[in-house]
Amino acid sequence: MTSAAPQRPSWMTTPVGGGKATRVTVLMLVLVTTILFLVAPLALIVTSALSGGFSVFMRNLFDAATAHAIWLTVLTALVVVPINIAFGLAAAWTVTKFDFPGRTLLIALIELPYSVSPIVAGVAYLFVYGTQGLFGPLLEHFDIKVMFALPAIFLASLFVTAPFVARELIPLMQVQGTDEEEAAVTLGASGFATFLRVTLPNVRWAVVYGAILCNARVMGEFGAVSVVSGNIRGQTTTLPLQIELLYQDYNVAGAFTAATVLMAVALLTIIIKALLEHFADTDGRLP
Amino acid sequence: MIPGFGLALGTTVLYLGAIVLLPICALLVKASNLGLAEFWMILSSPRTVASIRVTVTMALAATLFNAIYGLLLAWALARYEFYGKRVLDALVDVPFALPTAVAGLALTALFAKNGWFGGPLDRLGIPVAYTPLGIAIAMAFTSLPFVVRTVQPVIEDLGYEVEEAGRSLGASDFQILRKVIFPSIFPAFLAGCSLAFARSLGEFGAVIFIAGNQPMRTEIVALLTFIRLEEYNYAAAAAIAAIMLAMAFVMLVITNTIQAWHLRYLGRGDI
């Protein structure tokens, strides 16, 4: 921690809570609770998925419905994450490189989806694109299907993940200021070149960081997608919804097999995140 | 002057308008079309009231658990060096990274009567799965990182100088903890708690697996909204969703007020 701290007299050197008894008690409490509360669920997922042996696990994994759900989930991420990156960059660029009236309000708006329950988001979308909704009659007239189909899954995922990339970029770009961009523009670079050659390289790791968090959320989103997808078997069942369907069908091993896929994504996300944070400590390019 | 303001602002506003604001406005319009009498009738129905009560109570219980466990966890991560600290730090992110449906499935199996924890607890006379307690556990799991991640950096920033000053003035460890350390971390702690509480109020995926979803007893507000939709009772779904939105908004204002107070406390400017 404070490695370069000056020499302190001995009666002062033990910080609060630094005594051996306190230290051991707190650490034991924390470690035991963490193992019971955070590690046990992960261990249970793996053991339950493999309870029937590896061949059963593989058969469950390549079950047609589960495989389709995996494909749908990957497709959703492939559509949503790039859009979110583009929005995150535009939003962060707007609120950090410029000062304008309503800036604080705009930041609050960007973060709004964080506070809204996914269920509320799903219901809200139904009142826009559903038959009862704002655009319902219009969509019906042109025979465009948004609700209970892929577009609704994409839209709901875009809603819940809207702040993900922007939130990683805003504090970083705030600290970096506008000096480098102003220098580039003064030297005759166009706005686009400035963005591409100056701003983007400065924030590239934060973009990656935000994107993997966004990806994890998109792949795992349940509530909002559950409402808007209509959960039509074999058509709009993403992987989290497939877990629920299998569980309701009393196919517990199948549900846990589907769960291991999402757990693997989650653990991979955490590992990449930890690596990026470690990397950033030396590079200084992340908040 | 950097160019591109119009384009960037336009994109941002248009995107937020279409993706975030439009649906929320559509929901509010739908709810306000109901009229006060009908709105009140839906909200005051025994089933709605029961679902709000169980959601709020269990969210409070989950937040209380996370307040204590999260504070200890943040303290351990910020103040102690130990073997496996990196792993523990990464584990804190599990509830955010793990999809809620996966968490719900795992917690249900864990706390069911034939589960690793559910068996022993049941013999002690504490059934967890399919009871309100199960709801609280699912909420506590999904909202754990909030308290840890808001308090941890503040404890790390605290430094040892202030407590040394306290010590040289003759204060005991407990006095330093109570009068120096706790006041400094209190705003962040409170902000973390209110974030965790807000998240618990809106949690759906993890809870519905473990709750048993028995009307009047273990049915959360989010699920009731979902059920009303499936019954094509759009008026009730709109009204209940609007109330959830209002609760979220109140929590957002509370959290922001606490955070503004926290920043003033630190003597820093905006952001």
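Residues numbered from 1 in each chain as written. Chains lettered and ligands numbered in written order. Predicted model: local features only at pLDDT ≥ 70, side-chain atom pairs only at ≥ 80, totals over all residues. Heavy atoms only, no water.

A. Summary view of the environment of B:Ala260. Tracing the chain through its elements places B:Ala260 in helix α13 (residues 234-266). Note: C-alpha distance between B:Ala260 and B:Arg228 (32 residues apart in sequence) is 38 Å. (Helix = DSSP H or I, 4+ residues; strand = E, 2+ residues; numbered from the N terminus.)

B. Layout of the interface of chain B and chain A. Of the residues lining the interface, 87 residues belong to chain B; the matching set on chain A comes to 89 residues. The junction of chain B with chain A conceals about 7900 Å² of combined surface from both sides, 81% of it contributed by carbon and sulfur atoms. Our count for the chain B to chain A interface comes out at one salt bridge. For A:Lys273, the salt bridge is made with B:Asp93, and the minimal N-O distance between the two is 2.7 Å. Where chain B packs against chain A, one counts 11 residue pairs in polar contact (both at pLDDT 80 or more). In terms of residue count, the dominant contributor to the side of chain B that touches chain A is helix α1 (residues 5-32) of chain B (18 residues). Residue composition of the side of chain B that touches chain A, by class: 69 nonpolar, nine polar and nine charged. (Contact = heavy atoms within 4.5 Å. Buried area = accessible area lost by both parts, 1.4 Å probe. Salt bridge = Lys/Arg side-chain N within 4 Å of Asp/Glu carboxyl O. Polar contact = N/O pair within 3.5 Å; in protein donor to acceptor, adjacent residues only side chain to side chain. Nonpolar A, V, L, I, M, F, W, Y, C, P; charged D, E, K, R; others polar.)

C. Layout of the packing of helix α3 (residues 46-79) of chain B against helix α10 (residues 173-202) of chain B. Residue and element names in this part refer to chain B. Axis separation between α3 and α10 bottoms out at 9 Å; the angle between their running directions is 140°. In this view, α3 runs oblique relative to α10, as classed from their interaxial angle. For the crossing formed where α3 meets α10, the hand is right-handed. In this structure, α3 contributes Thr-55, Val-56, Ala-59, Leu-60, Ala-62, Thr-63, Ala-67, Leu-71 and Trp-75 to the contact, and α10 contributes Leu-177, Ile-181, Phe-182, Ile-185, Phe-189, Cys-193, Ala-196, Phe-197, Ser-200 and Leu-201. Of the residues assigned to the contact of α3 with α10, the class counts are 16 nonpolar, three polar and no charged. (Axes fitted to C-alpha atoms, helices over the stretch in contact; angles between N-to-C directions. Parallel < 35°, antiparallel > 145°, perpendicular 65-115°, else oblique. Left-handed = near helix turned anticlockwise from the far one by under 90°.)

D. Representation of the pattern of salt bridges within the structure. Inspection of the entire model under this criterion finds 15 salt bridges over all chains. Close ionic contact of B:Arg79 with B:Glu163 constitutes a salt bridge, the shortest N to O distance being 3.0 Å. Here B:Glu163 lies in helix α9 (residues 161-168) and B:Arg79 lies in helix α3, a separation of 84 residues in the sequence. On the accessibility criterion, B:Arg79 (9% relative accessible area) is buried. Ionic contacts of the salt-bridge type, sharing partners, join the residues A:Lys273, A:Glu277, B:Asp89, B:Asp93 and B:Arg149 into one network. (Buried < 20%, exposed > 50% of the residue type's maximum accessible area, 1.4 Å probe, protein only.)

E. Region of the structure containing the packing of helix α3 (residues 64-97) of chain A against α1(B). For the pair α3(A) and α1(B), the least separation of the axes is 8 Å and the interaxial angle reads 125°. It follows that α3(A) is oblique to α1(B) by the angle criterion. Note that α3(A) runs across α1(B); the crossing there is left-handed. Contact residues: A:Ile83, A:Phe87, A:Ala90, A:Ala91, A:Trp93 and A:Thr94 in α3(A); B:Phe5, B:Ala8, B:Leu9, B:Thr11, B:Thr12, B:Tyr15 and B:Leu16 in α1(B). Tallied by class, residues from the contact of α3(A) with α1(B) come to 10 nonpolar, three polar and no charged.

F. The arrangement of the side chain of A:Thr236 in detail. Residue and element names in this part refer to chain A. Positionally, Thr-236 belongs in the loop between α11 (223-229) and α12 (239-248). A polar atom in the side chain of Thr-236 sits 2.8 Å from the backbone oxygen of Ser-229. A polar contact is formed between the side chain of Thr-236 and the backbone nitrogen of Ile-232, at a distance of 2.8 Å. The residues contacting Thr-236, other than those within four sequence positions of it, are Leu-72, Phe-148, Ala-149, Ile-153, Ser-229, Gly-230, Asn-231 and Leu-241.

G. Structural detail: the confidence of the model for chain A. Here chain A averages 89 in pLDDT, and 93% of its residues register 70 or above. Here helix α6 (residues 136-141) of chain A stands out as the least confident element of chain A, with mean pLDDT 87; helix α7 (residues 150-161) of chain A is the most confident, with 96. (pLDDT = per-residue confidence, 0-100.)

H. Structural context of the nonpolar core. A:Phe159, A:Leu169, A:Ile243, B:Leu27, B:Leu98 and B:Phe111 are the most contacted members of the largest nonpolar core, which has 184 residues in total. Broken down by element, the residue count for this core peaks at 15 residues, all from helix α8 (residues 132-158) of chain B. (Core = buried A, V, L, I, M, F, W, Y, C linked by side-chain atoms within 4.5 Å.)

I. Representation of a nonpolar patch on the surface. Residues and elements named next belong to chain A. Together, Leu-134, Phe-135, Leu-138, Phe-142 and Ile-144 line one region of the surface with nonpolar side chains, adding up to about 510 Å² of accessible area. Along the chain, Ile-144 falls in the loop between α6 and α7. On the accessibility criterion, Ile-144 (49% relative accessible area) is partly exposed. (Patch = residues over 30% accessible without salt bridge, like charges linked within 9 Å, V, L, I, M, F, W, Y side chains within 5 Å. Areas by Shrake-Rupley, 256 points an atom, 1.4 Å probe, with all protein chains shown as cover.)

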